[in-house]
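Residue-level listing of the chains:
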Amino acid sequence: MSNAEPAPDEVDCRASTFTGVLHARDVPLGGPRAMTVRRTLPARERSMIGAWCFADHYGPHDIRTGGGMDVPPHPHTGLQTVSWLFSGEIEHRDSNGVHAMVRPGELNLMTAGAGICHSEVSTAATDVLHGVQLWVALPDADRHTTRDFAHHAPQPHPITGATLRVFLGELAGDRSPVHTFTPLLGAQVDLEPHAEVDLPVDRTFEHGVLLDEGSVDIGGIALHRADLAYQSPGCDRLRLANTGDGPARVILLGGPPFGEALLMWWNFVGRSHEEIVAYRQNWQSAEHSADQFGEVIGYRGAVPRLPAPGLPGTRLKPRVR
């Protein structure tokens, strides 16, 4: 994949602006009942799309024949978590006192700010668990903000050949009311069989298209499940084609290039090696953990909290995009 991005006025929007595909890698989710997810961001080729800095895709996972999701309390800093389901139900608890259910087609957005911890557990009502977990990096000016939580259930927005559910930002005249700290786009796009859709997008944004199901072509390249296609800034349209006989579904992400260097390690987003070391020490410390991250009340798993892994033997280095 090429990381070279032409200036907006140098891009010919009549031609394909497709510049690469990130292929997912399998990663076991934390906790005693590890569930495998498919991760595309961050990747060696590209760390971010706009402020989107993390993307996991999971399922359809039949939890009647295998373990469901049971992630004990764990910390976050410097980011927002976006939970979006296609099927199933997840119980969310966090140290800001929020107890909420994540359900299909409903956005749950948690702001970590200077520090938060939360747990995620699939409920007894869930047979099949299927969705995405996404992170948004907070800009330096806002990364120490207070903890917060927002919920939004976007209404389906039909267009020719597709139905949109815009959970963050704006697309095709539909806007989410949820606040973000940088301009963002997050939407589910359900494509009808053999539909070709030309979506109007912000030309200052870079975009990612994550395939959930079906057969979708972008820029002449066929995507496989959990592939994340990248389109650079400079065009005001994004073209999707469903090449199959059945419906297809993608998650569309976007935002202006994030110019700040980030250091991501485990569940922390920071700016320096020293910050990450301090975050880890505080989480591991019985004395300081509650001060920075708070405490989750009501989690009933076998492991009361996830311990942080050991730091590598070398200094952690920030990455830009």
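Residues numbered from 1 in each chain as written. Predicted model: local features only at pLDDT ≥ 70, side-chain atom pairs only at ≥ 80, totals over all residues. Heavy atoms only, no water.

Engineer: Tell me about the sheet that holds strand E12 (residues 148–152), and name the residues and values.
Structural biologist: The strand order across the open sheet built from seven strands is E2-E3-E4-E11-E6-E9-E12, with neighbouring strands paired in antiparallel fashion. The open sheet has two free edges, formed respectively by strand E2 (25–28) and E12, since each of these has just one partner strand. Pairwise comparison of adjacent strand axes, ignoring direction, gives a mean angle of 25° for this sheet. Here eight bridges tie strand E6 (residues 79–87) to strand E11 (residues 128–137), and the two strands are oriented antiparallel to one another. Bridge pairing in E11 links Leu85 to Gly131. (Pairing = 2+ DSSP bridges. Helix = DSSP H or I, 4+ residues; strand = E, 2+ residues; numbered from the N terminus. Axes fitted to C-alpha atoms, helices over the stretch in contact; angles between N-to-C directions.)

Engineer: For the UniProt feature "domain: Pirin N-terminal" (unreviewed entry) in the chain, give the residues involved together with the corresponding values.
Structural biologist: Using the residue numbers shown here, the UniProt feature "domain: Pirin N-terminal" (unreviewed entry) corresponds to residues 36–136. Regarding residues 36–136, the helix share stands at 0% and the strand share at 62%, and the terminal C-alpha atoms are separated by 21 Å. (UniProt positions renumbered as here; feature names shortened; annotations may be inferred.)

Engineer: Describe the pairing of strand E5 (residues 70–76), naming the residues involved and giving the relevant values.
Structural biologist: Counting buried positions along E5 yields seven of seven residues, so the element is predominantly enclosed. Bridge count for E5 against strand E10 (residues 116–122) is five bridges, and the pairing is antiparallel. Opposite Pro75, over in E10, you have Cys117 as the bridge partner. (Buried < 20%, exposed > 50% of the residue type's maximum accessible area, 1.4 Å probe, protein only.)

Engineer: I'd like a rundown of the environment of Gly270, residues and numbers included.
Structural biologist: Here Gly270 lies in strand E26 (residues 268–270). The contact partners of Gly270, leaving out residues within four places of it in the chain, are Arg143, Leu262, Leu263, Glu275, Ile276 and Tyr279. (Contact = heavy atoms within 4.5 Å.)

Engineer: Provide a residue-level description of the sheet that holds strand E21 (residues 221–222), including the pertinent values.
Structural biologist: Spatial strand order, E18-E23-E20-E21: four strands in an open sheet with antiparallel pairing. With partners counted over all chains shown, the strands left at the sheet margins are strand E18 (196–200) and E21, one partner each.

Engineer: Can you tell me about helix H1 (residues 273–284), naming the residues and giving the values?
Structural biologist: For H1, built from twelve residues, the straight-helix expectation of 16 Å at 1.5 Å per residue is met to within 8% by its first-to-last C-alpha distance of 17 Å. Those residues of H1 that fall on the buried side of the exposure criterion are His273, Glu275, Ile276, Val277, Tyr279, Arg280 and Trp283. (Expected span 1.5 Å × (residues − 1).)

Engineer: Provide a residue-level description of the pattern of salt bridges, including the pertinent values.
Structural biologist: Taken as a whole, this structure holds 16 salt bridges when the rule is applied. Here Asp62 and Arg64 are joined by a salt bridge, their closest N and O atoms 2.9 Å apart. On the accessibility criterion, Asp62 (27% relative accessible area) is partly exposed. A single salt-bridge network, built from bridges that share partners, covers Asp198, Asp236, Arg237 and Arg239. (Salt bridge = Lys/Arg side-chain N within 4 Å of Asp/Glu carboxyl O.)

Engineer: Residue-level account of the environment of Ser232, with values.
Structural biologist: Within the secondary structure, Ser232 sits in the loop between strand E22 (228–231) and strand E23 (237–242). Owing to a relative accessible area of 4%, Ser232 belongs among the buried residues under this scheme. Put simply, Ser232 and Glu260 are 28 residues apart on the chain and 18 Å apart in space, counted from C-alpha to C-alpha.

Engineer: Any chance you could break down the pairing of strand E3 (residues 36–41) for me, citing the residues and the numbers?
Structural biologist: One ladder, built from four bridges, connects E2 with E3; its direction is antiparallel. Directly across from Val27, in E3, lies its bridge partner Val37.

Engineer: Account for the packing of aromatic side chains, with residues named and values stated.
Structural biologist: Scanning the entire structure with this criterion turns up eight aromatic pairs. Centroid distance Phe268 to Phe293: 6.1 Å. Interplanar angle 25°. Geometry classified as stacked. Within this pair, whereas Phe268 is found in strand E26, its partner Phe293 is found in helix H2 (residues 289–293), the two being separated by 25 residues in sequence. Taking the relative accessible area as the measure of exposure, Phe293 reaches 0% and is therefore buried. With centroids separated by 5.6 Å and ring planes inclined at 85°, the aromatic side chains of Trp283 and Phe293 adopt a geometry described as edge-to-face. Here Trp283, found in helix H1, pairs with Phe293, found in helix H2; they are ten residues apart in sequence, far enough to count as distant. A relative accessible area of 1% places Trp283 in the buried class. Connected via pairs of aromatic rings, a cluster forms that spans Trp265, Trp266, Phe268, Tyr279, Trp283 and Phe293. Cation over ring: Arg249 sits above Phe86, and NZ or CZ is 4.2 Å from the ring centre. Against the face of Trp283 rests Arg305, its NZ or CZ located 3.7 Å from the ring centre. (Phe/Tyr/Trp six-rings, centres within 6.5 Å; stacked < 30°, edge-to-face > 60°. Lys NZ or Arg CZ within 6 Å of the ring centre and 35° of its normal.)

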